[in-house]
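# Tertiary structure, described
Residues per chain are reported as follows:
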Amino acid sequence: MAFATRLITAALVAACGAGVHAQTLDVRAESGRIRVTASKPRFLTGASLERLRNGATVVFAVQVTLLTGSKGTVLARSAGRFAVSFDIWEEKFAVTRLGEGRKSVSHVGAAEAEAWCLESLSVTSAGLSADAPFWVRLDVRPQTDGEARAPNEEAGVTLARLVELFSRPQREGETRVQAEAGPLRLRDLR
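Now for a look at the structure at hand. (Residues numbered from 1 in each chain as written. Predicted model: local features only at pLDDT ≥ 70, side-chain atom pairs only at ≥ 80, totals over all residues. Heavy atoms only, no water.)

## Observations regarding the sheet that holds strand S1 (residues 25-30)
How we decide: Paired strands are those between which DSSP finds at least two bridges. Strands here mean DSSP runs of E at least two residues long; helices mean DSSP runs of H or I at least four residues long; both are numbered from the N terminus. Any pair of residues with heavy atoms lying within 4.5 Å of one another is described as a contacting pair. Between N-to-C directions, angles cover 0 to 180 degrees, with each direction set by a line fitted to C-alpha atoms, over the stretch in contact for helices.
Taken in spatial order, the three strands of this open sheet run S1-S2-S7, and their pairing is antiparallel. Bordering the open sheet on either side are S1 and strand S7 (123-124), each of which pairs with just one other strand. Taken strand by strand, helix H3 (residues 110-119) contacts S1 and strand S2 (33-38), and its axis lies near 165° from that of S2.

## Quick look at helix H2 (residues 46-53)
An α-helical turn contains 3.6 residues, so any two residues separated by three or four positions project in the same direction. Which entries qualify depends on this criterion: Note on exposure labels: buried denotes an accessible area under 20% of the residue type's maximum, exposed denotes more than 50%, and partly exposed covers the range between, all computed with a 1.4 Å probe on protein chains only. Note that the arc is computed from the directions linking the helix axis to the C-beta atoms.
Here H2 has its buried residues at Ser48, Leu49 and Leu52. Looking down the long axis of H2, one finds its buried residues gathered within 95° of arc, a one-sided arrangement. Residues of H2 that are buried in the fold lie against strand S3 (58-67), strand S4 (74-87), strand S5 (92-97) and strand S8 (134-142). Of the residues trailing H2, Gly55 is marked for its positive phi of about 95°.

## A closer look at the environment of Leu121
Among the secondary structure elements, Leu121 is positioned in the loop between H3 and S7. Overall, the relative accessible area of 2% leaves Leu121 in the buried class. Spatially, the C-alpha atom of Leu121 lies 7.2 Å from that of Gly80, the residues being 41 residues apart in sequence.

## A word on the pairing of S3
Taken across its 10 residues, S3 has 10 buried, putting it largely inside the fold. Of the two faces of S3, the one lined by Val58, Phe60, Val62, Val64 and Leu66 and the one lined by Val59, Ala61, Gln63, Thr65 and Leu67 are each fully buried. For S3 and S4, the ladder comprises 10 bridges, and the chain directions are antiparallel. Looking across to S4, one finds that Gln63 is bridged to Ala79. Between S3 and S4, which pair antiparallel one after the other, the connecting turn spans six residues. Pairing of S3 with S8, which is carried by eight bridges, proceeds in the antiparallel orientation. Each residue of the ladder has a partner; that of Ala61, found in S8, is Arg141.

## A word on the sheet that holds strand S9 (residues 177-184)
Pairing is antiparallel across the open sheet formed by six strands, whose spatial order is S6-S5-S4-S3-S8-S9. Both outer strands of the open sheet, strand S6 (103-108) and S9, are each paired with one neighbouring strand and no more. The sheet shows a mean angle of 15° between the axes of neighbouring strands, direction not considered. Bridging between S4 and S5 involves six bridges; their strand directions are antiparallel.

## Let's talk about the pairing of S6
The pairing of S5 with S6 spans four bridges and is antiparallel. By the bridge assignment, Thr96 is partnered in S6 with Ser104. Connecting S5 to the next strand, S6, in antiparallel fashion are five residues, including Gly99 with a positive phi near 90°.

## Describing the side chain of Arg81
For clarity, the cut-off: Here a polar contact is taken to be a pair of N or O atoms separated by no more than 3.5 Å, where protein atoms must pair a possible hydrogen donor with a possible acceptor and residues adjacent in sequence count only if both atoms sit in side chains.
You can see Arg81 is positioned in strand S4. With a relative accessible area of 3%, Arg81 lands in the buried category. Among the polar contacts made by the side chain of Arg81, one reaches the side chain of Gln143 at a distance of 3.1 Å.

## Examining the pattern of salt bridges
Filter applied, for reference: A pair is scored as a salt bridge if a Lys or Arg side-chain nitrogen falls within 4 Å of a carboxyl oxygen belonging to Asp or Glu.
Evaluation of the coordinates by the stated rule reveals seven salt bridges. Among the salt bridges present, the one from Asp131 reaches Arg187, with a minimum N-O distance of 2.3 Å. Here Asp131 is found in the loop between S7 and S8, whereas its partner Arg187 is found in helix H5 (residues 186-189), with 56 residues between them in sequence. Glu180 serves as the salt-bridge partner of Arg137, at 3.0 Å between the closest nitrogen and oxygen. Placement of Arg137 in strand S8 and of Glu180 in strand S9 is noted, with a sequence separation of 43 residues between them. What makes Arg137 partly exposed here is its relative accessible area of 23%.

This is how it looks when you write it as structure tokens:
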């Protein structure tokens, strides 16, 4: 009986984990860059959305990675940190890309805010063979109060910080988005 219970629990955990990966990515190549959009990039949900609606600013780390395979070698990576706030009177979001090249957008809905974050990132396609298969992975993770710097802080994204952030286990109530597309070929994206 205990074995059956563990088996059911494992199946439920796998099903829940599969939901996180069920996001679909649209990948396109333009001007020597790979850009990603997600048809359902829902990361402004759950505990993060609740924090936003309670007046807090939530910082999200977003990373787009090109890989040689689903679990292959990293070919290229682009990452950014985005401070998101919510205007409770207008029920609209404002987003600021933190660090170098600071940009912002305001008075947008949730879907537009999420799409703006993804549009702000691109990965170089330099060095990719037109016929070599590659995968694209999207990771979006809210930063906790201890991990996030103040929204006006200019510190950039470091590789060590990204590795630490994206390798730690998901916390209860945390909205983490992971999506993957592949195999893709550069010649098919043009």
